[in-house]
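Observations on chain architecture
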Amino acid sequence: MARARKVTKIDTQPSLFDQTPFLKTAPCVPALRRLVADWRESGYKGATETTRTLLNFWFFTDHKLPTGQLFTYHEAQREAIETLIYVYEVAKVRNRKDLLEQYATTNNGLQLPGFDEFARYATKMATGSGKTKVMSLAIVWQYFNAVREDASDYAKTFLILAPNVIVFERLKSDFEDSRIFNSDPLIPREFKIFWEFDCIMRGERERALADGILFLTNIQQLYDKTERKKNGNSEPDIMTEMLGPKPKDDISSELISFTEMLAKRDGQLLVCNDEAHHTHDEENEWNNVIRRLHTSLPIASQLDFSATPRFAKGGLFPWVISDYPIRQAIIDGIVKRPVKGITELEEAKSPVASVRYEGYLTAGVERWREYKEQLSPLNKKPLLFIMMNTTEEAEDVGDWLRKRYPSEFGGDKKVLVIHTDKSGEITKKDLNAARKLAREVDYPDNPTNAIVSVLMLREGWDVQNVTVVVGLRPYTAAANILPEQAIGRGLRLMFRGKSYSERVDIIGNKAFLAFVDDLEKLEDIKLDTFEPGKDKLKIITIAPKLPDKAAFDLSLPRLSPMLTRKKTLAEEIGSLDITRFRFSPDPLPRKPTDADIRKFQYQAFDILTMEKLFEREYAIKDVQRPDEIVSYYAKLIAVNLKLPGQFSSLAPKVWEFFEKRAFGEIVALNDSTIIKAMNHRVAGYVVLDVFGRALKEKLIEQLEPSIEGQDRLLSAIEPFAFSRSVLDARKCVLNLVPCDNDFEYEFAKFLENAKDVQAFSKLPQQFGFSIEYTDNNANLRYYYPDFVVKTDQDEMWLVETKGQESLEVQYKDRAANLWCENATQLTGQQWHYVKVPQKGYDMLQPVEFSDLLTFVS
């Protein structure tokens, strides 16, 4: 039995290695990071009911993809949108002057901006970490607050600006036909009735305008002709032509059309700048265009998104409010890990590039071949990226690849060379075809295996399959390229999910590796290394091993959903019997003493996780009337349980609770002592707790399950890459048993050796099997059991191995037992569930599976 490399903490517990507080960042970020963390813990105090509902839906509700796997916004995306909401909605900061005065930890060298008519914030996120997702979250947040809260300082009109054609086309793939709003879990079901939204792409004809509208275009489309000529050559020709030419001179109609559209809109405008480092000059035409738009429709905010929001001299924009650097993205597994190839190769003394750099080029190709072989079972195609010093060298290396390796790089399409003609101008021949190839290079049927170029594509070129970068050119200040821009092109993940830790290998001469060293210094990170030709690449692929292991194949029945949220609850809420509510302290103290608070605090610790539950502020400042308190609590209950339309039903019940039950007798709520007691945090916690428990079971409707289609076979799972511990087991239909931790590995060994186990398998999330359940706040969640086992008694078992337990575990246990009962009834096959606690397992030292029955509850 073989075991893969030991799992490191960085693989399994990235949160323990959060380096962001210690990295150099913009002046406002440290203070805002602390404030937003506290605000999150407070339950988003000060946010609107709409915003709380959205945040709960995005981050506290499970979202399942059609494949059965979970979709989750990662922590940096969450922090980015939470910070934006906090600054705009809670702190109500509406200009950069106030932003810097309130949050900047230092004012050394800071200058107040000359133009500061509206809110402007920058979000810094590493390449590949999902800026577009945050952009879509911001749009949904603004729109629903404008519509549902009838708030005049939120936008229903949105403008996304791109710096070039490639960036535009990448954004278009997300926003055209509202694709991202339809595919991502952005809109709660109860909000969809309010969603009247349209996305208009550059060049599309004007149509009837919806309540909400998004307009996507290049910034140059909004320049006037004079300014366009002045700004036409702001990028090097080779950069401009590869990323896409500046739009043609027929822009006046676009500008007029957009201006006319704005004139028909009411409310405010939200502007999102993608690759916003282009806006570093306050007086450039990009910023001038936005300020002119402000005169047509008031701008709620200008949001600048960039991996490198820096000025020309390297300093970060001081209006950056959240920062997710490359280092943290690498640690979190959100992007690939760059790994440096260390070699003793020397450059040959030759003016011919393919001769001079042959050793490096050969090393790069051989490494690419290793990736090609390892990725073949996963149906992924690796890409080799080579950066040269001149266009002549790029052409020479492209020819060398075609001739030396004709099967992999021969012909016109397997190598894409970006080059110029003798005069230094971009060669016009096949230019559109070259850009098309660059955009589509990740497609499985795309023939391109290598790109050779002088430029490092700085933005918009969102290629996922770059596995090897060969750098054979120095980068200087004159090149106007930052280290994170250069390396960033190869960082985007090829796979989704955290089961495999991806890497991009960097091979280069001393001049290029010195540039990579600058990234290490800038990000305070030490990259891993490998020796080309010696340290062979090995990617573990998990796949069914057929027909050899067909006898150990297992199947799980497909059951229809058993739970759904009820659409109407007014009668259910009205029928609540508040006299049956149980809570502590009972009755509520009218004048809480220190002893009451200490007792309450003790009881408000989660007994399993020791998580503090009491440190949320439920009180309202300067409250004078009982109806204010009742209204406040009713809204909180509605938000927590996602009941936005039930406030009118909840408020009378909350009033009845305080009047007739909370204090042990009927009281007059207008009494000043009672008002203070109602507004105390003890009362706030209790009222949310009792109503949450009373309503939870009424929110979810139990459905009668049925069989849906054919059984789900383990042998049908698609191959996937894996970076953690694996076990070579005879009784599992998979070639290797993927184990997420040491306990799972030990348990898999036990199952392999247990004489009463006929077959078993880990249930990886890629298999897509899950059981729905509801958590403590009545959120619909999905539980993914660890193992499936078939015993010699022809019984099927779902098994959960558990180290530490949390509050969620009891809900998962209940759901798993119910699923097994239904599966048994519907199929006739006996299904059971057992949770195996690690401490109990270590004490028991089981030999056969039947020994585990002691854990069955």
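Residues numbered from 1 in each chain as written. Predicted model: local features only at pLDDT ≥ 70, side-chain atom pairs only at ≥ 80, totals over all residues. Heavy atoms only, no water.

Time to look at the pairing of strand β12 (residues 415-418). Burial of the side chains of β12 extends over both faces: Val415 and Val417 are buried on one face and Leu416 and Ile418 on the other. In the sheet, β12 pairs with strand β13 (residues 450-453) via 4 bridges, with the strands oriented parallel. Bridge pairing links Val417 to Val452 in β13. (Buried < 20%, exposed > 50% of the residue type's maximum accessible area, 1.4 Å probe, protein only. Helix = DSSP H or I, 4+ residues; strand = E, 2+ residues; numbered from the N terminus. Pairing = 2+ DSSP bridges.)

Turning to helix α2 (residues 29-41), a few remarks are in order. In this model α2 runs 18 Å from its N-terminal to its C-terminal C-alpha over 13 residues, within 8% of the 18 Å that 1.5 Å per residue would give. Listed as buried for α2 are Val29, Ala31, Leu32, Arg33, Val36, Trp39 and Arg40. In this structure, the buried residues of α2 make contact with α3 (49-60), α4 (75-90), α5 (96-103) and β9 (320-324). Once α2 finishes, Gly43 follows within two positions and takes phi at roughly 80°, a positive value. (Expected span 1.5 Å × (residues − 1). Contact = heavy atoms within 4.5 Å.)

A word on the state of the cysteines. For the structure shown, the criterion picks out 0 disulfides. With no disulfide of its own, Cys732 lies closest to Cys739 among cysteine sulfurs, the gap being 9.2 Å. With a relative accessible area of 0%, Cys732 lands in the buried category. (Disulfide = S-S within 2.5 Å.)

The next thing to look at is the sheet that holds strand β30 (residues 831-837). Pairing within the open sheet is mixed, and its 4 strands lie in the order β25-β28-β29-β30. Each edge of the open sheet is held by one strand with a lone partner, namely β25 (757-762) and β30. Each strand of the sheet is rotated relative to its neighbour by a mean of 25°, with strand direction disregarded. Running over the sheet, helix α28 (residues 808-827) touches β29 (796-802) and β30 and is turned about 155° from β30. (Axes fitted to C-alpha atoms, helices over the stretch in contact; angles between N-to-C directions.)

Attention now moves to a negative patch on the surface. Taken together, the side chains of Glu344, Glu346, Glu531 and Asp535 make up a negatively charged region of the molecular surface. Within the element layout of this structure, Glu531 appears in the loop between β16 (528-530) and β17 (540-542). (Patch = residues over 30% accessible without salt bridge, like charges linked within 9 Å, V, L, I, M, F, W, Y side chains within 5 Å. Areas by Shrake-Rupley, 256 points an atom, 1.4 Å probe, with all protein chains shown as cover. Salt bridge = Lys/Arg side-chain N within 4 Å of Asp/Glu carboxyl O. Lys, Arg positive; Asp, Glu negative; His and termini not counted. Charge placed at Lys NZ, Arg CZ, Asp CG, Glu CD.)

With that out of the way, let us pick up the nonpolar core. Residues Trp58, Phe175, Phe181 and Leu214 are the most contacted members of the largest nonpolar core, which totals 101 residues. In terms of residues, this core owes the most to one element, helix α6 (residues 131-148), which gives 10 residues. Apart from residues no more than four positions distant in its own chain, Phe175 is found in contact with Thr132, Met135, Ile139, Ile160, Ile180, Phe181, Cys199, Met201 and Leu214. With 57 residues, the next largest nonpolar core counts Phe722, Tyr745, Phe747 and Phe849 among its residues. (Core = buried A, V, L, I, M, F, W, Y, C linked by side-chain atoms within 4.5 Å.)

So, on to the confidence of the model for the protein. In the predicted model, the protein carries a mean pLDDT of 84, and 83% of its residues have values of at least 70. Counting interchain partners and residues more than four positions distant, the pLDDT-below-50 stretch residues 1-22 has 45 contacts. Across residues 232-251 the pLDDT falls below 50, and counting only partners more than four positions away or on other chains, this stretch makes 57 contacts in the model. (pLDDT = per-residue confidence, 0-100.)

One pass over the structure, following the stated rule, counts 44 aromatic pairs. Taken together, a centroid distance of 5.1 Å and an interplanar angle of 50° make the contact between Phe144 and Phe191 tilted. Linking Phe144 in helix α6 with Phe191 in the loop between α8 (179-183) and β5 (197-201), this pair joins segments that are 47 residues apart in sequence. Pair check on accessibility: Phe144 and Phe191 agree, each one buried. On the accessibility criterion, Phe144 (0% relative accessible area) is buried. One cation-aromatic arrangement involves Arg291 over Phe115; the distance from NZ or CZ to the ring centre is 3.7 Å. (Phe/Tyr/Trp six-rings, centres within 6.5 Å; stacked < 30°, edge-to-face > 60°. Lys NZ or Arg CZ within 6 Å of the ring centre and 35° of its normal.)

A sheet is described by the order of its strands in space; here 7 strands give the open sequence β5-β6-β4-β7-β8-β3-β9, paired in parallel fashion. One side of each edge strand has no neighbouring strand; the edge strands of this open sheet are β5 and β9. The average undirected angle you get between the axes of adjacent strands in this sheet is 15°. Pairing analysis gives 4 bridges linking strand β3 (residues 119-125) to β9, with the strands arranged parallel. For Met125, the partnering residue across the bridge sits in β9 and is Tyr324. α6 contacts β3, β4 (155-162), β5, β6 (212-218), β7 (268-274) and β8 (299-306) of the sheet and is inclined by roughly 160° relative to β4.

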